[in-house]
Amino acid sequence: MAGHEFSEPADRKRQVADPTATPRAAEEPRHACDPAFLHGVVVGFDGSTSSERALAYAIGMAHRSGSGLIIVHVANRLPTTVWAGCEPPVFVDVPDHRTEVLGLELACAEYLSEVPWILVERGGDICHELEEVGREYSADAIVVGSTHGIVGRIFGSVAGRLARRAQRPVVVIP
């Protein structure tokens, strides 16, 4: 055995790391959610026309229920296999400055003055992150815009995938 072992009194035993155990990756710490937004309305927003319609509906929904609005922008993640050709696929966050631009646009928007709101940035799968934010805030609903186009038809729309797996009501705005 390498090193030395010091005996300690029974009431002061401390845990020693197991040298044979594999190191676990530290989980990304999530900030504690603001209690003012508990049971609010989560809306996915990326600046597209369909997400603007979803935001408008979510504002009305939050206003009518007297709750807060949690606006979520999910940054892109792409597999590195596209560039590096490595196996298995590793995902990297693509720098997305769009959240800053969206935040500035939303801060200047007068239509958001009716409800308290926050902007949450996440990275990863859109469906998973919207559901995760909904879980963290115990959201009453998740509002998303529908996907129009070939990408949604090939890979499945975010709204469709979210509606199948979500643990809370999902409102899809056309």
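No experiment lies behind these values; they were computed from the predicted model shown. (Residues numbered from 1 in each chain as written. Predicted model: local features only at pLDDT ≥ 70, side-chain atom pairs only at ≥ 80, totals over all residues. Heavy atoms only, no water.)

A. Structural detail: the confidence of the model for the protein. Looking at the protein as a whole, the pLDDT averages 75, with 63% of positions reaching at least 70. Ranking the elements of the protein by mean pLDDT puts helix α2 (residues 81–84) last, at 49, and strand β1 (residues 41–44) first, at 96. Taken together, the stretch residues 1–19 has pLDDT below 50 and engages in two contacts with residues farther than four places along the chain or on a different chain. (pLDDT = per-residue confidence, 0-100. Helix = DSSP H or I, 4+ residues; strand = E, 2+ residues; numbered from the N terminus. Contact = heavy atoms within 4.5 Å.)

B. Geometry of the nonpolar core. By size, the foremost hydrophobic cluster in this structure holds 18 residues, and its most contacted members are V42, I70 and V72. Each residue touching V42, except ones within four places of it in the same chain, is listed here: I70, V72, L130, V133, G134, A139, A141, I142 and V143. In this structure, V43, A54, I59 and I173 belong to the second largest nonpolar core, which totals 17 residues. (Core = buried A, V, L, I, M, F, W, Y, C linked by side-chain atoms within 4.5 Å. Buried < 20%, exposed > 50% of the residue type's maximum accessible area, 1.4 Å probe, protein only.)

C. Structural context of the sheet that holds strand β2 (residues 69–75). Pairing within the open sheet is parallel, and its five strands lie in the order β5-β2-β1-β6-β7. Edge positions in the open sheet fall to β5 (117–123) and β7 (170–173), since each of these has one partner strand only. Averaged over neighbouring strand pairs, the angle between their axes works out to 25 degrees when direction is ignored. The sheet contact formed by β2 and β5 spans seven bridges and is parallel. Opposite H73, over in β5, you have E121 as the bridge partner. On top of the sheet, helix α1 (residues 49–65) reaches β1, β2, β6 (141–145) and β7; it is set at about 150 degrees to β6, its chief contact. The strands touched by helix α6 (residues 158–165) within the sheet are β6 and β7, with β6 carrying the most contacts at an inclination of about 160 degrees. (Pairing = 2+ DSSP bridges. Axes fitted to C-alpha atoms, helices over the stretch in contact; angles between N-to-C directions.)

D. Up close: the pattern of salt bridges. Considering all chains together, one arrives at six salt bridges under this definition. The partner of D125 in a salt bridge is R161, and the shortest N-O contact between them spans 3.4 Å. Of the two residues, D125 sits in the loop between β5 and α4 (126–136) while R161 sits in helix α6, which places them 36 residues apart along the sequence. We classify D125 as partly exposed; its relative accessible area is 33%. Here R161 falls in the partly exposed class, since its relative accessible area comes to 27%. When salt bridges that share partners are traced, they join R122, E129 and E136 into one network. (Salt bridge = Lys/Arg side-chain N within 4 Å of Asp/Glu carboxyl O.)

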